[in-house]
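# Observations on chain architecture
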Amino acid sequence: MSIKKATLKLLSNIEEYVCEALLAFFVVLLFVQILLRQFFGYTIPWGEELATYMFVWFAYLGAVVAAKMSAHNRVSFHFRYFPPIVKKVSEAIADLLWVGFNLYMAWLSYDFVFNRMNLFWKSQTIGLPMKYFYMILPVVFVLMSIRILWNNYLTLVKGVEILDPEAEEIENIKRAAAAAEKG
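So, here is what we can say about the structure in this document. (Residues numbered from 1 in each chain as written. Predicted model: local features only at pLDDT ≥ 70, side-chain atom pairs only at ≥ 80, totals over all residues. Heavy atoms only, no water.)

This part takes up helix α2 (residues 14-40). Along its 27 residues, α2 runs 38 Å from first to last C-alpha, staying within 8% of the 39 Å computed at 1.5 Å per residue. The complete set of buried residues in α2 reads Glu15, Cys19, Leu22, Phe26, Leu29 and Gln33. At its buried positions, α2 is contacted by α1 (3-12), α3 (47-68) and α6 (136-156). (Helix = DSSP H or I, 4+ residues; strand = E, 2+ residues; numbered from the N terminus. Expected span 1.5 Å × (residues − 1). Buried < 20%, exposed > 50% of the residue type's maximum accessible area, 1.4 Å probe, protein only. Contact = heavy atoms within 4.5 Å.)

Packing of α1 against α2 brings their axes to within 4 Å, and their N-to-C directions diverge by 65°. On α2, the residues touching Lys9, Leu10, Leu11 and Ser12 of α1 are Ile14, Glu15 and Tyr17. For the contact of α1 with α2, the per-class residue count stands at four nonpolar, one polar and two charged. (Axes fitted to C-alpha atoms, helices over the stretch in contact; angles between N-to-C directions. Nonpolar A, V, L, I, M, F, W, Y, C, P; charged D, E, K, R; others polar.)

Turning our eyes to something else, we now look at the pattern of salt bridges. In total, this model carries four salt bridges according to the counting rule given. Put simply, Glu15 and Arg147 hold a salt bridge, and the shortest N to O gap is 2.7 Å. A residue pair is termed long-range when its members are at least 10 positions apart, and Glu15 in helix α2 and Arg147 in helix α6 qualify at 132 residues. Here Glu15 and Arg147 have matching classes, each one buried. One salt bridge in this structure joins Lys68 and Glu16, with 2.7 Å as the shortest N-O distance. Remark: Glu16 occurs in helix α2 and Lys68 occurs in helix α3; sequence separation between them is 52 residues. Looking at Glu16, the relative accessible area reads 25%, which means it is partly exposed. (Salt bridge = Lys/Arg side-chain N within 4 Å of Asp/Glu carboxyl O.)

The next point concerns the packing of aromatic side chains. To describe a pair of aromatic rings, one takes the distance between the centres and the angle between the planes. In the structure shown here, the tally under the stated rule is nine aromatic pairs. Plain terms: the ring middles of Phe112 and Trp121 are 6.3 Å apart, the flat faces sit at 45° to each other, and that makes the pair tilted. Both rings, one in Phe112 and one in Tyr134, keep their centres 5.7 Å apart while their planes meet at 75°; by these two values the pair is edge-to-face. On the criterion of sequence distance, the pair formed by Phe112 in helix α4 (residues 84-116) and Tyr134 in helix α5 (residues 131-134) is long-range, its members being 22 residues apart. Phe112 sits in the partly exposed class, given a relative accessible area of 28%. Overall, Tyr134 belongs to the partly exposed group, its relative accessible area being 33%. An aromatic cluster is present here, built from Phe26, Phe55 and Phe58 joined pairwise through their rings. (Phe/Tyr/Trp six-rings, centres within 6.5 Å; stacked < 30°, edge-to-face > 60°.)

As C-alpha cells, then:
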C-alpha cells in the first residue's frame, strides 16, 4: 500500500481509531483501579476522573462514527413509502437541518470553550484546565457535519447507496439464506 493510500485510510478512519484507543485506555484504567482497590487498598487519585473524560470523548466521537456509517438513530420508516427521488430529497433536507443544528451547536460550544469559560476552571484531580476536556464539543459537531455532508455527496452526486450496518447485515443474511436454499 502506498503512503498516500495509507494516509487517506488513516484520515478517513481517524475517529474510529481514536474511539478504539479511548475505549481500550479507559477500560484498562478502570480495571487497574479495581485491582488496586481490591488487592492493595489503593486507587490512582486521578484514574476515575480521567476515565470519565475519556468515556465522554468516546461517546461523542462514537456519534461521529455513527454519522459516518449512516447508522444514527432517526425516524425514517415513512421514507420507504415515498418514490425514490422524493425519499432522497426528503432525507437530504432532513440531513441539512441536522447539519444546521450541528453547526449551531459547534458555534455555541466554541463560544463557550474559548470565550465564556472561566480560565481558572480546572479538573479536580488532574489539574488541567477544563477547556481541554470541553474542546471535544466543537470538534465533534464540525466532524459530524462533514461526515453527513460527505454521505449526502456520495448518495446524491455519486449515486452510492449507503446502508447502515444493520441494514447491510440484514442484506447479507438474506443473500446467505437465498444461497443456502439454492445449494
